[in-house]
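Single-letter residue listing:
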Amino acid sequence: MVPVVSSARVPQTMAGSGGLSPQQMIEIYRLMVLSRRVDDREIVLKRQQKTYFQISAAGHEALQVGAALAMRSGYDWFFPYYRDRALCLALGVTPTEMLLQAVGAATDPASGGRQMPTHWSSPPHHIVSVSSSTTTQLLHAVGCAEAGRYFNHHPEAAQKNEGDYRAYRDVVFHGDEVVLATLGEGATSQGEFWEALNTAANRKLPVIFLVEDNGYAISTPVEVSTPGGNISKLVDNFPSFHFAEFDGTDPVVSLREFEAAVAHCRAGLGPAFMHGHCVRVYSHSLSDDDKHYRSAAEREADIKRDPLTLMQMRLMREGILNPEQINQLEQQLDLEVAEAAERALKAPMPEVAGITDHVYSHDLDPTSVAFATEHAHAPGEAGGGKAGGAKGSGPRTMADLINACLHDEMRRDPRIVVYGEDVADASRDEALDEVEGKGGVFKLTAGLQTEFGSERVFNSPLAEANIVGRAVGYAVRGMKPVVEIQFFDYIWPAYHQIHNELALMRWRSNGGWASPAVIRVPIGGYLTGGSIYHSQCGESLFTHIPGLRVVFPSNAFDANGLLRTAIRCDDPVLFLEHKRLYRETYGRAPYPGPDFAIPFGKAKIVRPGTHITLVTYGAIVPRAMQAAQKAQRQNGIEVEIVDLRTLSPYDWESIVNSVKKTSRVIVAHEDMLSWGYGAEIAARIGDELFDSLDAPVRRIGSMDTFVAYNPVLEDAILPQPETILKAIVELKAY
Ligand SMILES: Cc1ncc(C[n+]2csc(CCOP(=O)(O)OP(=O)(O)O)c2C)c(N)n1
Ligand SMILES: [Mg+2]
């Protein structure tokens with residue numbers, strides 16, 4: 001392993017070298033050259049078609065080594081950028097490990113051959129798996145810092161617990177750890193950059209944002225992306241920040257600037273914004289040729305500022321190394337990298353059979369009988385708070401029982417935090433004694449802040465990516481964020497985080513990291529006046545994401561048991577709550593007790609029948625019940641209704657059993673018909689149950705449009721009991 005020069009060991013004596021000893025200067029140079037040599041070796045391997053992608057740190061080495069040496073590997077936390085080879089080498093990742101990823105080896109410790117080279121991940125060094133998506137990592141860093149602070153305030157929360165995700169989520173915290181998130185100047189154009197700065201400043205979090213400014217985002221120069229061409233000028237007014245803008249081609253300057261930033265963050269004074277100017281000595285990647293868009297003079301100017309050359313000259317000028325010694329050192333590194341490449345080229349390649357490993361947790365299966373605790377559903381005292389409704393054993397609404405489950409689980413599990421837009425009772429603590437409390441626009445989180453305090457239940461800024469991105473960071477540290485997106489219609493800014501980060505964390509790191517957060521989302525229409533932006537469905541866009549569990553209960557009882565499973569399980573869960581069902585008379589149930597859970601992937605036959613199978617979920621369940629009752633009364637047709645309850649995974653076995661009995665099937669949902677959830681189920685039935693069918697598979701969904709405001713239009717757009725009845729009668733007659 002590469003020895004790390006700790007800043008704690010830096011003596012303050014040597015003039016000319018910024019107070020660093022000759023050994024430290026040599027070590028810095030060694031790391032910088034090592035990084036360049038690994039890049040150069042990868043370039044050769046790519047040209048030999050032994051690797052498939054290359055992107056280098058060339059020109060960024062000084063900045064990255066300076067940053068790394070001011071921090072503590074395996075103690076602090078790191079959310080790097082794809083260009084951070086020198087940073088990762090200085091933190092202790094080896095050239096062999098890097099080249100194993102480049103060749104796509106099974107033994108690539110970062111991803112098992114799943115990610116491109118330089119997509120870092122190393123649990124022992126606290127380097128959290130990085131995606132190719134620029135900027136998403138910043139919000140993870142923010143959540144990670146929040147979690148560190150939380151554990152520091154609540155050390156008891158770090159304890160393990162058998163029987164839920166905590167058994168598999170180890171927690172380490174020290175109380176003064178700092179989180180580093182790095183990015184390019186181009187990536188500062190993303191909205192999430194600003195969202196991350198907002199929260200880091202507001203909560204005075206120990207996050208260092210390092211902008212590695214090489215002046216280009218592929219071919220786009222900085223002035224095109226950043227007004228005025230300098231990001232430091234734009235962020236200058238954020239409160240609580242330590243700011244530094246400096247020459248990132250000088251490793252000593254970088255180290256000193258970072259030491260000051262780390263000190264600010266460790267002392268709990270707030271975040272830091274580090275803006276290091278560096279150069280891009282090579283093109284953006286090996287797939288790019290910067291001669292196509294940069295003048296020769298400009299490229300030459302960058303090469304003149306190559307930090308490797310500058311450092312080499314400095315070592316000679318200061319009499320630390322002579323040319324012969326430099327040669328020797330470089331030859332030694334060449335050999336080291338050549339040996340690493342040889343090892344990587346001989347490494348075993350991943351097995352095709354292992355492709356689906358780590359899509360979901362291998363440790364805790366939410367479909368297992370461990371979650372089948374329906375025996376414990378005896379009516380009891382309500383666990384809910386303000387929205388808990390009437391105490392006692394009477395029927396309770398879905399809203400009541402979701403609220404009750406949140407209360408119960410928060411009592412049981414100190415690692416749960418609840419946040420989102422307007423979910424707190426009152427953000428200003430002094431108001432809490434006077435007011436009833438908000439507790440969410442639908443009051444599903446009512447009373448949580450009052451019972452569990454403002455550190456566990458709080459309002460987020462109005463920024464959905466912020467909510468989910470931070471949840472990823474919280475969850476990788478072992479916490480259980482149970483966050484709310486206020487309306488499904490506004491989930492889209494978070495879609496990137498859900499699709500590319502939350503759901504992918506485990507698979508892309510080959511099980512190295514996981515982010516089992518819960519996202520609760522009110523969904524759906526039938527609201528009379530909900531209109532376009534308060535009525536949308538769209539669940540198939542989420543069931544299409546491997547790694548994500550998707551739940552959609554139709555009644556209070558199921559909602560309570562499934563939410564409990566969602567919270568206790570070790571996978572990320574999208575928990576869809578139909579707004580129209582929140583306070584419906586249909587589906588009310590007595591409080592089932594604090595340990596009632598329902599396994600995922602188990603449908604419920606809510607109405608038995610012999611003529612037609614109707615596969616559905618959510619708000620279509622009560623509408624299908626009405627239609628089925630009419631079909632029985634008017635036409636003597638016995639419809640069996642299968643309420644899927646969870647959409648990913650779904651209960652194929654129950655569908656098979658029912659279709660084999662009835663030979664006729666309708667798949668019905670509220671979402672638009674085309675490309676909807678029913679298309680997949682219908683296709684599979686057609687494929688695998690063709691011999692059992694006496695009629696084509698029918699589908700019911702809303703019209704292929706959004707939901708209109710006018711109630712007559714809304715009724716026409718969404719499936720109604722009459723729509724379902726008509727389909728039942730037609731299918732029976734087929
Ligand atoms: C969200 C997202 N959009 C686009 C891309 C494609 N892309 C990869 S790198 C890059 C430029 C990044 O520039 P900068 O942030 O300055 O980093 P640099 O590569 O210069 O270090 C782009 C557009 C991406 N990876 N992620
Ligand atoms: Mg750049």
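Rules used throughout
Residues numbered from 1 in each chain as written. Chains lettered and ligands numbered in written order. Predicted model: local features only at pLDDT ≥ 70, side-chain atom pairs only at ≥ 80, totals over all residues. Heavy atoms only, no water. Helix = DSSP H or I, 4+ residues; strand = E, 2+ residues; numbered from the N terminus. Rg over C-alpha atoms; globule rule 2.2 N^0.38 Å. Buried < 20%, exposed > 50% of the residue type's maximum accessible area, 1.4 Å probe, protein only. Contact = heavy atoms within 4.5 Å. Areas by Shrake-Rupley, 256 points an atom, 1.4 Å probe, with all protein chains shown as cover. Lys, Arg positive; Asp, Glu negative; His and termini not counted. Charge placed at Lys NZ, Arg CZ, Asp CG, Glu CD. Near = heavy atom within 4 Å. Polar contact = N/O pair within 3.5 Å; in protein donor to acceptor, adjacent residues only side chain to side chain. Core = buried A, V, L, I, M, F, W, Y, C linked by side-chain atoms within 4.5 Å. Pairing = 2+ DSSP bridges. Donors = N, O, S within 2.8 Å, 3.2 Å for Na, K, Ca; no water. Tetrahedral: all angles 85-135°; square planar, octahedral: opposite > 155°, others 65-115°. Axes fitted to C-alpha atoms, helices over the stretch in contact; angles between N-to-C directions.

## Section: the overall build of the chain
Check the secondary structure of the chain and you find 24 helices and 19 strands. The C-alpha radius of gyration computed for the chain amounts to 29 Å, which stays within 12% of the reference 27 Å derived for 734 residues, consistent with globular compactness. If you line up the chain on its principal axes, its C-alpha atoms span 100 × 65 × 50 Å. Per-residue burial over the chain gives 61% buried out of 734 residues. Considering only intrachain contacts with a sequence separation of at least 6, the fraction spanning at least 24 residues in the chain is 79%. Carbon and sulfur atoms make up 53% of the accessible area of the chain, which amounts to about 26900 Å² in all. Charge centroids of the chain, computed over 69 positive and 90 negative side chains, lie 3 Å from each other.

## Comments concerning the site of ligand 1
Near ligand 1 lie 17 residues; those nearest to it are Tyr 81, Tyr 82, Arg 83, Ser 132 and Tyr 216. The contact in question runs from an oxygen atom of ligand 1 to an N or O atom on the side chain of Glu 185, over 3.1 Å. Here an oxygen atom of ligand 1 sits 2.8 Å away from a polar atom, N or O, in the main chain of Gly 186. Relative to its free-state accessible area of 580 Å², ligand 1 is covered by the protein chains to the extent of 73%.

## Regarding the nonpolar core
Counting 87 residues, the largest nonpolar core has Phe 209 and Ile 498 as the members making the most contacts within it. It is helix 5 (residues 136–153) that provides the largest number of residues to this core, a total of nine residues. Not counting the four nearest positions on each side in its chain, Ile 498 is found in contact with Val 468, Ile 491, Ala 503, Ile 519, Phe 542, Ile 545 and Leu 548.

## Observations regarding unusual backbone geometry
Of note, the bond from Ser 648 into Pro 649 is cis; its omega dihedral lies within 30 degrees of zero at 5 degrees. By the element assignment, Pro 649 lies in the loop between strand 17 (646–648) and helix 21 (652–662). The phi dihedral of Ile 218 is positive, around 50 degrees, even though this residue is not glycine. Examined against the element boundaries, Ile 218 turns out to sit in the loop between strand 4 (216–217) and strand 5 (220–221). Residue classification places Ile 218 among the partly exposed residues on the basis of a relative accessible area of 44%.

## Digging into the pairing of strand 7 (residues 272–277)
Of all six residues that make up strand 7, five are buried, and the element is covered over most of its length. As defined by bridge partners, strand 3 (residues 207–213) adjoins strand 7 across six bridges and the pair is classed as parallel. Within strand 7, the position partnered with Phe 209 by the bridge is Phe 273. Inspection of the sheet shows strand 6 (residues 242–247) paired to strand 7 by six bridges, in the parallel sense.

## With respect to the coordination of the magnesium ion (ligand 2)
Reference values for angles at a metal are 109.5 degrees in the four-donor tetrahedral case and 90 or 180 degrees in the six-donor octahedral case. All of the protein donors around the magnesium ion (ligand 2) are Glu 185 (OE), Glu 185 (OE), Asn 214 (OD1) and Tyr 216 (O); their distances to the metal are 2.1 to 2.7 Å. Of note is the magnesium ion (ligand 2), whose six donor atoms meet at the metal with angles of 51 to 177 degrees in an arrangement that counts as irregular. When the donor residues of the magnesium ion (ligand 2) are listed from N- to C-terminus, their spacing reads E-x28-N-x1-Y.

## Section: the sheet that holds strand 14 (residues 604–607)
Remark on secondary structure: sheet strands pair via backbone hydrogen bonds, oriented parallel or antiparallel. Pairing is mixed across the open sheet formed by five strands, whose spatial order is 14-16-15-18-19. The open sheet terminates on both sides in strands that have one partner only, identified here as strand 14 and strand 19 (698–702). Geometrically, the sheet is characterised by an average inter-axis angle of 25 degrees between neighbouring strands, direction not taken into account. Relative to strand 16 (residues 639–643), strand 15 (residues 612–616) is paired through five bridges, and the arrangement is parallel. Paired with Ile 612 across the strands is Val 639, a residue of strand 16. Against the sheet, helix 21 contacts strand 15, strand 16 and strand 18 (665–672), and its axis sits at roughly 155 degrees relative to strand 15. In the packing of helix 22 (residues 677–688) onto the sheet, the strands contacted are strand 18 and strand 19, and the crossing angle to strand 18 comes to about 160 degrees.

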